[in-house]
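Structure assessment
The primary structure of each chain is shown beneath.
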Amino acid sequence: EALALNEPETQTQISGGTSKGIWVLAETEADGTLSAVTKELLGKAAVLAEKLHQDVEALLIGSESDAAVSSLAAYGAQRIHLAGHSSLASFIEENYARAAVQVIRECRPDILLVGATPRGRGLSARIAALLQTGLTADCTELDIDAETGLLQQIRPAFGGNLMATIATPAHRPQMASVRPGVMKAREADPALKGECIRHDLSDFKCDGHIRLLDEVLETAGGDSLGNSRIVIGVGRGVKKKETVERICQWAKRLGAAVAGSRAAVEAGLIDAHLQVGQTGQTIAPDLYIAIGISGQIQHTAGIAGAKRIIAINPDKTAPIFNVADYGWAVPVEEALPQLMAVQV
Ligand code: FAD
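Residues numbered from 1 in each chain as written. Predicted model: local features only at pLDDT ≥ 70, side-chain atom pairs only at ≥ 80, totals over all residues. Heavy atoms only, no water.

- Within an unreviewed UniProt entry, the label attached to the protein reads Electron transfer flavoprotein subunit alpha, and the organism entered is Phocaeicola intestinalis.
- Taken directly from UniProt, the Sequence similarities (unreviewed entry) text for the protein runs: "Belongs to the ETF alpha-subunit/FixB family." (UniProt positions renumbered as here; feature names shortened; annotations may be inferred.)

The structure is reproduced here in structure tokens:
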């Protein structure tokens, strides 16, 4: 179902003009508010837009919530494209991708940024495939090449051992999915009012193969990792479920969230959705306390934005001490009772 957008002679032509606009695919939370990554993408889009002398625009699919629209404007979207239709009331990836493609074909943005969230990862891949354009997944930085004006899509490669800079000169839009927590959101300005554009999707055809039977909201409990100022990372060295439970009690007292390394997830100590690192979440808390974590690059890739790191690990040679601001070379069994005895 390739859409004829990328033939060389038409790819930059939009009804007499060229591809224009730095677009952000907006994502909302269950309560209709804007997700943190959308605010972060709008912050980065503003920086890119200034360099390219283009506008920041947002695409909101399914929802027409006034709160989301005014929030998009407050975070810097100059134009907000609304793609509403009865079959888009619930998130079905195939339908959202079709709706996005319909609007993108009409407006032809130069750049489309999507959050590399559980929803955004699949959705961005589908949109890119339908548009037959390139997609750089999981970017950790974006910039504009001063000579070519192309989007530089920067992401870790080869297990995080080098940073690759990728450009997609031949196709539009240039598409990147971006890890949550790595870009800076700008300050919201409620005085900013964006132009709202409602797209006519009356002829929209949803994917007949997919039927939504039920929606089950899974609550992780406590603060989400991305919003927590303090995160405690549990590693394989913690070894026992009972010790993890005690760490969770301590975390509750501190108002901290608990995350884990992949090895801790594989050992059944921590839920998979709480994994931090290259194939998990990226977090940027004020304080990260790594307990029983060796500090392999695939883990530390997810905590590079942490302001302070404390490591607790009896092995003084563990690489986590190379990135930690403070280290305590003792086993968790010795550290935890002392930490829990401290009044907070
Ligand atoms: P280990 O490396 O086994 O370290 C355990 C540490 O606990 C050791 O340093 C040890 O000294 C210490 N220890 C032992 N006893 C105690 C004690 N009593 N008290 C306290 N400390 C103790 N990993 C991630 O975390 N996130 C990712 O997203 C991720 N993605 C990956 C993607 C790829 C493609 C690959 C190849 C790997 C990925 N990994 C990821 C795995 C990563 O390479 C490491 O294997 C993993 O991070 C190790 O987890 P760990 O530090 O908990 O375990």
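**Quick word on the sheet that holds strand S6 (residues 141-144)**
- A sheet is described by the order of its strands in space; here three strands give the open sequence S6-S7-S8, paired in antiparallel fashion. The open sheet terminates on both sides in strands that have one partner only, identified here as S6 and strand S8 (162-166). The sheet shows a mean angle of 25° between the axes of neighbouring strands, direction not considered.
- In this fold helix H1 (residues 36-52) packs onto S6 and strand S7 (151-157), with an angle of close to 15° to the strand it touches most, S6. (Pairing = 2+ DSSP bridges. Helix = DSSP H or I, 4+ residues; strand = E, 2+ residues; numbered from the N terminus. Axes fitted to C-alpha atoms, helices over the stretch in contact; angles between N-to-C directions. Contact = heavy atoms within 4.5 Å.)

**A closer look at the pattern of salt bridges**
- Evaluated as defined, the whole model comprises 14 salt bridges.
- A salt bridge links arginine 126 to glutamate 93; the nearest nitrogen and oxygen atoms lie 2.7 Å apart. Of the two residues, arginine 126 is situated in helix H4 (residues 118-131) and glutamate 93 in helix H3 (residues 93-107); the sequence distance between them amounts to 33 residues.
- On the basis of relative accessible area, arginine 126 is assigned to the partly exposed category, the value being 34%. (Salt bridge = Lys/Arg side-chain N within 4 Å of Asp/Glu carboxyl O. Buried < 20%, exposed > 50% of the residue type's maximum accessible area, 1.4 Å probe, protein only.)

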